[in-house]
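Now for the letters of each chain:
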Amino acid sequence: MGNTVAREDFEWVYTDQPHADRRKEILAKHPEIKALMKPDYNLIWVVVLMVLAQLTAFYLVKDLDWKWVIFWAYVFGSCISHSMTLAIHEISHNSAFGNSKAMWNRWFGIFANLPLGLPYSISFKRYHMDHHRYLGGDGIDVDIPTNFEGWFFCTRFRKFIWIVLQPLFYAIRPLCINPKPITRLEIINLLAQLSFDVVIYYLWGVKSIFYMLAGSILGLGLHPISGHFIAEHYMFLKGHETYSYYGPLNLLTFNVGYHNEHHDFPNIPGKSLPLVKKIAAEYYDNLPQYNSWIKVLYDFVMDDTISPYSRMKRQLKGEVKQD
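Since this is a predicted model, take the numbers as computed values, not measurements.

Colleague: Run through the overall build of the protein chain, naming residues and quoting values.
Modeller: When its secondary structure is counted, the protein chain shows 15 helices and four strands. Against the compact-globule benchmark of 20 Å for 323 residues, the protein chain has a radius of gyration of 20 Å, which places it among compact chains. Once the C-alpha set of the protein chain is aligned to its principal axes, its extents read approximately 55 × 50 × 40 Å. Relative to its full complement of 323 residues, the protein chain shows a buried share of 53%. In the protein chain, the proportion of contacts linking residues at least 24 apart, taken out of those at least 6 apart, comes to 80%. About 15300 Å² of surface is accessible on the protein chain, with carbon and sulfur atoms providing 66% of the total. Computed over 31 positive and 29 negative side-chain charges, the separation of the two mean positions in the protein chain equals 3 Å.

As structure tokens, then:
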């Protein structure tokens, strides 16, 4: 329980990320993949239905006993909330309306954000684009844990607590690693969210607000879907930076598990990533992959050689352009 993990620093690498080169190779061999680079208009209707489902849930829980509010927040609300964060991830890549209507995607992201209770969409988009351009970039990619996280969460028990508190670290990490000036859209996102929360409280009371916020926090913490946070880039095998997951939870997460495919082709919507894997099977079938996010969480806690330090990190050179 108290074993300390072996790693004491990140895995520093001095090569470029592999995704750009692989993308060029795949497109040269399979140019038909370019046809998949188009919006997924079905995403719009899925998001609208998810928002309506949560609004219905807010109404249904308003008079329940607290134990049932907590129960449904974890069993149902957490799944919808985490799924919605991944819908927002899709929207951040302009998958809903396409690159030609970038602002439509930003406004739609603010709408999708509403049932989460906390403003998230606009800031996520700004930082997530850095994650793709500068994967592992020191001081830029806020998906990389801080040195404090790597140093402190170094035992099985502490790693378990780290998983529980993941929403907190994802919220404060950008302020520690790469703070950015607040933009007008972020202020609009905040005001829209606060207005929505006030309306829900006025209409249905504190239990609906608790259900909304608890579902978001629980869904991003100790939850099977949260295995994707660790599965995507934590180095369970030395030398491998990005990993894909091909299990059933992709049905709830807009295929975010197809993560090598996503980093190779970030402008292809999640709906089409299985087709990318099928077309370019010779590139993906032999890469390290997972079939269980629950096992990823278990292995992360129990494997004494894995910790928040188990990430590749790069010292960036040349000009860095950020959103």
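Colleague: Tell me about the nonpolar core, residues and numbers included.
Modeller: Grouped burial of nonpolar side chains is what soluble globular proteins tend to show. By size, the foremost hydrophobic cluster in this structure holds 37 residues, and its most contacted members are Val47, Met84, Trp162 and Ile230. Broken down by secondary-structure element, the contributors of at least two residues to this core are helix H2 (42–61), helix H3 (66–92), helix H4 (102–113), helix H7 (156–164), helix H11 (227–231) and helix H15 (293–302). Other than its neighbours up to four places away in sequence, Val47 contacts Met84, Ala87, Ile91, Phe108, Phe111 and Ala112. Residues Tyr246, Phe265, Ala280 and Tyr284 belong to the second largest nonpolar core, which totals 13 residues.

Colleague: I'd like a rundown of the packing of H3 against helix H10 (residues 206–219), residues and numbers included.
Modeller: Where H3 contacts H10, the axes come no closer than 7 Å and their chain directions differ by 50°. Relative to H10, H3 is oriented oblique. You can see that H3 and H10 cross each other, and the crossing is right-handed. Across the interface between the two elements, Trp66, Val69, Ile70, Trp72, Ala73, Tyr74, Phe76, Gly77, Ser78, Ser81 and His82 from H3 touch Val206, Lys207, Phe210, Tyr211, Met212, Ala214, Gly215, Ser216, Leu218 and Gly219 from H10.

Colleague: I'd like to hear about the state of the cysteines, residue by residue, with values.
Modeller: Scanning the entire structure with this criterion turns up zero disulfides. Considering cysteine sulfurs only, Cys154 is the nearest to Cys176, which forms no disulfide, with 19 Å between them. Judged by its relative accessible area of 57%, Cys176 is exposed.

Colleague: Please give an account of the UniProt feature "transmembrane region" (unreviewed entry) in the protein chain that cites residues and values.
Modeller: Mapped onto the present numbering, the UniProt feature "transmembrane region" (unreviewed entry) falls at residues 43–61, 68–87 and 107–124. Between the C-alpha atoms that bound residues 68–87 the distance is 27 Å, and the span itself is 100% helix and 0% strand. In residues 107–124, helix accounts for 61% and strand for 0%; the two terminal C-alpha atoms are 14 Å from one another.

Colleague: Explain the layout of surface pockets to me, and be specific about the residues and the numbers.
Modeller: In this structure, the largest pocket spans a volume of roughly 1200 Å³. Lining of the largest pocket is provided by 39 residues; of these, Tyr120, Ser123, Phe124, Tyr170 and Ala171 occupy positions nearest its centre. Of the volumes computed, that of the second largest pocket is approximately 450 Å³. Considering the residues around the second largest pocket, the lining is formed by 19 residues, among which Asp16, Gln17, Arg133, Tyr134 and Leu316 are closest to the centre. Sorting the residues of the lining of the second largest pocket by element identifies helix H1 (19–29) and helix H5 (121–133) as the ones contributing at least two each. Here the lining of the second largest pocket takes four residues from H1, the largest share from any one element.

Colleague: Pulling in residues and values, what's your account of the side chain of Arg173?
Modeller: Note that Arg173 resides in helix H8 (residues 166–177). By relative accessible area, which is 1% here, Arg173 ends up buried.

Quick notes on the rules
Residues numbered from 1 in each chain as written. Predicted model: local features only at pLDDT ≥ 70, side-chain atom pairs only at ≥ 80, totals over all residues. Heavy atoms only, no water. Helix = DSSP H or I, 4+ residues; strand = E, 2+ residues; numbered from the N terminus. Rg over C-alpha atoms; globule rule 2.2 N^0.38 Å. Buried < 20%, exposed > 50% of the residue type's maximum accessible area, 1.4 Å probe, protein only. Contact = heavy atoms within 4.5 Å. Areas by Shrake-Rupley, 256 points an atom, 1.4 Å probe, with all protein chains shown as cover. Lys, Arg positive; Asp, Glu negative; His and termini not counted. Charge placed at Lys NZ, Arg CZ, Asp CG, Glu CD. Core = buried A, V, L, I, M, F, W, Y, C linked by side-chain atoms within 4.5 Å. Axes fitted to C-alpha atoms, helices over the stretch in contact; angles between N-to-C directions. Parallel < 35°, antiparallel > 145°, perpendicular 65-115°, else oblique. Left-handed = near helix turned anticlockwise from the far one by under 90°. Disulfide = S-S within 2.5 Å. UniProt positions renumbered as here; feature names shortened; annotations may be inferred. 1 Å grid on protein atoms, 1.4 Å probe; cavity = no way out; pocket = protein on both sides within 12 Å on 5 of 7 lines; lining within 4 Å. Points joined across faces, edges and corners; volume = space filled by probe spheres on them.

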